[in-house]
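# Examining the three-dimensional arrangement
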Amino acid sequence: MKNQKPETKRKKPEDKKRSASGGAKSKSSKPAVNGDFEPKIVGFLCNWCSYAGADKAGTSQVKYPPNVNVVKVMCSGRVDPQFVMKAFEKGADGVIILACHPGDCHYKEGNYKAAQRHRMLLKLLGQFGIEKERCRFDYVSAGEGDKFVKVIKDTVDTIREMGPMKKTKKSTSERTE
Amino acid sequence: MSGKPKLSMYWATACGGCEISLVNIHEKVLDVDANFEFMFCPCLLDTKKKDIEAMPDKGIAITLFNGAIRTEENEEMARLLRKKSRVLIAYGSCSYEGCIPGLSNLHSREDHFKTIYLDNPTVDNPSGVVPTPETAVPEGTLRIPSFYERVKTLSDVVDADYFIPGCPPEPHQVWNVIEAVVQGRQLPPAGSVIGAGASAVCEECERKKEDKKIKKFYRTYEMIPDREKCLLEQGIVCMGIATRSGCGALCPKVNMPCTGCYGPPEGVLDQGAKMIAALGSIIDIGDVKGLSEEEIAKRADAVISSIPDPAGTFYKYSLPGSILKGRIS
Ligand code: SF4
Ligand code: SF4
Ligand code: FES
């Protein structure tokens, strides 16, 4: 292994847990078309808006699918494209980035930067054979508990229908050790 | 046989430029000869694989391994040289992170064979023969090394002690490394990148840097850039911002953008992701006040459309060494 690229250099937000309402286990609205496939999704939520939006959904006890592992970030602008790639590399079937609405970012431009990076990332991921539906960017404010639930449901349903992320084949003669 | 420590250089999937870069240290090559017995280098010397196999393990002091791992044979040689060398150095971008051969990870092996052996207009192959590891002929079975699904880096198949980046490595940097070894200086901890800096090419670049705001990207043939101003500020995709220092900003010096041959800077895992982070924050979509969410995405797409091939541009040298390593599926 190349250890000149230490993985630990990248600060991971400590708060890597289910959203406050993660306990609300419910099945998605649509029946599973892909057998028992439950997509694994990583959600990067801005602390000031979408994370609070998720909380709101939780405290109002709205049910939504438990497939999203939430990572709280201080601003959507903090979401390094490397985080998204790492999520896919580690087996995520999808990634969601949720930001404050335009004009509402606490750091003024973080969400614009995040949106622009996301558009560029989509183009690149497309070249890697990763469909754009697997990497969603949206805006959810602190008050929009229902929009949060809708975005999560939509994404989980879409990805469930698409099936798991493809894996790279190994050549038959390749050593695996 | 002399008592000098043995130095070897091997090429796997490479272009031969790394061998040239070693010779490019000019008269210092005499110092190399005075201090080492240069005993294996298929590009320049006649020593054979069986001669290496006959050596005791760890019998070679240093091996400079250039080239990526594309075939079974590349891997076999990497394993052999690992066993026979005390210090194994991934020399040059191919061996360090896959480089140009690694761009083939954007396609499957099947697609390659189709294009190269079947669909190519200059190929006449009526019986549709493509390489297979084993072929039965009247005299018996022919075996050739298999072609891997993906290009790998040296450290994907064996433990490499050090990495010297560059396509090819710059002679003064190569010499820095050789000199350190000759003088018996303490080398950095195993696994380090040597013969390079730690920060970004921008830091070595003397161009004037101001605020970066880009409305449209230009390809090099579309404009003659100003010689003083930062190329990126002029809309040329310069990778200096996401590339390890060490070359002395050679390309911007001659009015060409850095294309990233020294790989990601220290602490960065993925050069392309770093480039997206950087470019995503400097593209200029105009006045955003009152813009709808859809309009923001549309305007960003318009600017981005002037980069036709992000994967090929941002990972020109580093795809197999990157996080996703190439096309999935
Ligand atoms: S982006 Fe390129 S031209 Fe601009 S400072 Fe960096 S290396 Fe120099
Ligand atoms: S400027 Fe960039 S592409 Fe040119 S030699 Fe330096 S690292 Fe390589
Ligand atoms: S603070 Fe929420 S997106 Fe910047």
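On a predicted model such as this, the values are computed, not experimentally measured, just so you know. Counting of residues starts from 1 at the beginning of each chain's written sequence and follows it residue by residue. Chains carry letters and ligands carry numbers; both start at the beginning, A for chains and 1 for ligands, and go up in the order they are written. With the structure being a predicted model, the display of local features is reserved for residues of pLDDT at least 70 and the display and counting of side-chain atom pairs for 80 or more, all residues being used for whole-chain, interface and lining totals. Hydrogens are left out, water is left out, and the side-chain values use all remaining heavy atoms of the structure.

### A short note on the site of ligand 1
Put simply, the test is: When we say a residue is near a molecule or strand, we mean one of its heavy atoms is within 4 Å of it. Nonpolar residues are Ala, Val, Leu, Ile, Met, Phe, Trp, Tyr, Cys and Pro. Charged residues are Asp, Glu, Lys and Arg, and all others, Gly as well, are polar.
Every residue near ligand 1 is listed here: Val 201, Cys 202, Cys 205, Arg 207, Lys 209, Cys 230, Leu 231, Leu 232, Cys 238, Gly 240 and Pro 252 of chain B. Taken together, the residues of the shell around ligand 1 sort by class into 8 nonpolar, 1 polar and 2 charged.

### Thoughts on the nonpolar core
Heads up, the condition is: Definition of nonpolar core: a set of buried residues of the types Ala, Val, Leu, Ile, Met, Phe, Trp, Tyr and Cys, connected through side-chain atoms within 4.5 Å. The buried label applies to any residue whose accessible area, calculated with a 1.4 Å probe on protein chains only, is under 20% of its type's maximum; exposed applies above 50%, and partly exposed to all values in between. Here a helix means four or more residues in a row that DSSP labels H or I, a strand means two or more in a row labelled E, and each is numbered from the N terminus. Contact definition: two residues touch when any of their heavy atoms are within 4.5 Å.
Counting residues in each nonpolar core, the largest one holds 64 residues, and the members touching the most others are Phe 44, Phe 88 and Phe 128 of chain A together with Leu 279 and Phe 314 of chain B. It is helix 3 (residues 110-127) of chain A that contributes the most residues to this core, 8 residues altogether. Once you skip the residues sitting within four places of it in the chain, Phe 314 of chain B turns out to touch Met 120 of chain A together with Val 237, Met 239, Gln 271, Gly 272, Met 275, Ile 276, Leu 279 and Ile 307 of chain B. Core analysis: the second largest hydrophobic core is formed by 23 residues, Ala 12, Met 77, Ala 78 and Leu 154 of chain B among them.

### A closer look at the sheet that holds strand 1 (residues 41-46) of chain A
Residue and element names in this part refer to chain A. The criterion, for reference: Any two strands with at least two DSSP bridges between them are considered paired. A fitted line through C-alpha atoms represents every axis, and for helices the fit uses only the stretch in contact; the resulting angles, taken between N-to-C directions, go from 0 to 180 degrees.
Strand order across the open sheet formed by 4 strands is 2-1-3-4, with parallel pairing between neighbours. Each having just a single partner strand, strand 2 (68-73) and strand 4 (135-139) make up the two edges of the open sheet. Across the sheet, the mean angle from the axis of one strand to that of its neighbour is 20°, orientation sign disregarded. For strand 1 and strand 3 (residues 94-99), the ladder comprises 5 bridges, and the chain directions are parallel. Its bridge partner being in strand 3, Leu 45 is matched across the sheet by Leu 98. Its contacts with the sheet put helix 2 (residues 81-89) on strand 1, strand 3 and strand 4, and the angle it makes with strand 3 is roughly 150°.

### A look at the sheet that holds strand 3 (residues 60-66) of chain B
Sheet architecture is open: 6 strands sit in the order 2-1-3-5-9-10 (chain B), paired in parallel fashion. Each having just a single partner strand, strand 2 (37-40) and strand 10 (192-193) of chain B make up the two edges of the open sheet.

### Side note on the packing of helix 2 (residues 28-35) of chain B against helix 9 (residues 171-182) of chain B
All names here are of chain B. We apply this condition: Any angle that is under 35 degrees is reported as roughly parallel, and any over 145 degrees as roughly antiparallel; angles of 65 to 115 degrees are reported as roughly perpendicular and all others as oblique. Less than a right angle of anticlockwise turn of the near helix away from the far helix marks a crossing as left-handed, whereas a clockwise turn marks it as right-handed.
At their nearest, the axes of helix 2 and helix 9 sit 11 Å apart, and the two run at 30° to each other. Relative to helix 9, helix 2 is oriented roughly parallel. The two elements helix 2 and helix 9 cross, and the hand of that crossing is left-handed. Residues Lys 28, Asp 31, Val 32 and Asn 35 of helix 2 lie in contact with helix 9, whose contacting residues are Trp 175, Ile 178 and Val 182.

### Looking at the domain arrangement of chain B
Residues and elements named next belong to chain B. Selection criterion: Each domain's extent is set by a domain assignment, obtained either automatically or from a database. What gets called buried area is simply the loss in accessible area from a 1.4 Å probe that two parts show on being joined, summed for both. Salt bridges are identified by distance alone: a Lys or Arg side-chain nitrogen within 4 Å of an Asp or Glu carboxyl oxygen. Between N or O atoms, a polar contact is any pair within 3.5 Å; within protein, one atom must be a potential hydrogen donor and the other a potential acceptor, and residues adjacent in sequence are included only when both atoms are from side chains.
Assigned domains of chain B: these are domain 1 (6-100 + 151-193), domain 2 (106-148) and domain 3 (201-314). With centres defined by C-alpha atoms, the gap from domain 1 to domain 3 works out at 33 Å. Counting residues at the interface gives 11 residues for domain 1, matched by 8 residues for domain 3. For the pair domain 1 and domain 3, the summed buried area comes to about 720 Å², and 52% of that belongs to carbon and sulfur atoms. When residues of domain 1 are sorted by the area they lose upon contact with domain 3, Glu 97, Pro 165 and Glu 170 head the list and together hold 45% of the total. Linking domain 1 with domain 3 are 0 salt bridges, by the criterion used here. Between the two partners, domain 1 and domain 3, sit 2 residue pairs in polar contact (both at pLDDT 80 or more).

### A few points about the site of ligand 2
Looking at ligand 2, the residues that line it are Thr 243, Cys 247, Leu 250, Cys 251, Pro 252, Cys 258, Thr 259, Gly 260, Cys 261 and Tyr 262 of chain B. Its residues placed into classes, the shell around ligand 2 shows 7 nonpolar, 3 polar and no charged.

### Overview of the pairing of strand 3 of chain A
Residue and element names in this part refer to chain A. Here is the rule we go by: We call a crossover right-handed when, viewed with both strands directed away from the observer, the connection leading from the first strand over the helix to the second proceeds clockwise.
Here strand 3 lies mainly inside the structure; 6 of its 6 residues are buried. Burial along strand 3 is two-sided: the face carrying Gly 94, Ile 96 and Leu 98 and the face carrying Val 95, Ile 97 and Ala 99 are both buried. Summarising the sheet, strand 3 and strand 4 pair through 5 bridges and their orientation is parallel. Paired with Val 95 across the two strands is Cys 135, which belongs to strand 4. Handedness of the β-α-β unit built from strand 3, helix 3 and strand 4 comes out right-handed.

### Re the layout of surface pockets
Residues and elements named next belong to chain B. What counts here: With a 1 Å grid laid over protein atoms only, a set of points is called a cavity when a 1.4 Å probe fits there but cannot get out and a pocket when it is open yet has protein on both sides within 12 Å along at least five of seven lines; lining residues have an atom within 4 Å of a point. Grid points are joined across faces, edges and corners, and a volume is the space filled by probe spheres set on the points.
Its boundaries defined by the atoms lining it, the second largest pocket holds a volume of some 360 Å³. If you go around the second largest pocket, you meet 19 residues; those closest to its centre are Arg 219, Thr 220, Val 237, Thr 259 and Thr 313. Each residue belonging to the lining of the second largest pocket can be placed in one class, and the counts come to 11 nonpolar, 5 polar and 3 charged.

### Considering the environment of Phe 148 of chain A
Residue and element names in this part refer to chain A. The topology assignment puts Phe 148 in helix 4 (residues 145-162). The class for Phe 148 is buried, based on a relative accessible area of 1%. Phe 148 sits 11 residues away from Phe 137 along the chain, and the two C-alpha atoms are 12 Å apart. When near neighbours in sequence (up to four residues on either side) are disregarded, Phe 148 contacts Leu 45, Ser 50, Gly 53, Ala 54, Ala 57, Tyr 64, Leu 98 and Val 140.

### Describing the confidence of the model for chain B
Low-pLDDT stretches of the model should not have their predicted coordinates read in fine detail. Test applied: Note on scores: pLDDT gives the predictor's confidence for each residue, bounded by 0 and 100.
Per-chain confidence: chain B averages 96 in pLDDT, with 99% of residues scoring 70 or above. Model confidence for the complex: the whole-complex pTM is 0.90, and ipTM, which rates the interface, is 0.93.

### Some words on the interface of chain A and chain B
Contact with chain A, which involves 44 residues of that partner, is made by 59 residues of chain B. Of the roughly 4700 Å² buried where chain A meets chain B, counting both sides, 60% is carbon and sulfur surface. Taken together, the connections running from chain A to chain B amount to 1 salt bridge. Of the charged contacts, one joins Arg 119 of chain A and Asp 301 of chain B as a salt bridge, the two residues approaching to 2.8 Å between their closest N and O atoms. In this assembly, chain A and chain B are joined by 13 residue pairs in polar contact (both at pLDDT 80 or more). Of all the elements in the fold, those that place two or more residues in the side of chain A that touches chain B are helix 2 and helix 3 of chain A. For the side of chain A that touches chain B, the element with the highest residue contribution is helix 3 of chain A, accounting for 13 residues.

### A word on the confidence of the model for chain A
Counting all residues, the mean pLDDT for chain A is 83, and 75% of those residues have values of 70 or more. Contacts from residues 1-30 of chain A, a stretch scored under 50 in pLDDT, to residues over four places away or in other chains number 73 contacts.

### What to know about the side chain of Asp 93 of chain A
Residue and element names in this part refer to chain A. Here is the rule we go by: Within this scheme the basic residues Lys and Arg register as positive and the acidic residues Asp and Glu register as negative, but His and the chain ends are omitted.
As for its position among the elements, Asp 93 is in the loop between helix 2 and strand 3. Within the buried core, Asp 93 has no salt-bridge partner, and the shortest N-O distance to an opposite charge, that of Arg 134, equals 4.7 Å. Engagement of the side chain of Asp 93 in a polar contact is seen with the backbone nitrogen of Met 165, the distance being 3.1 Å.

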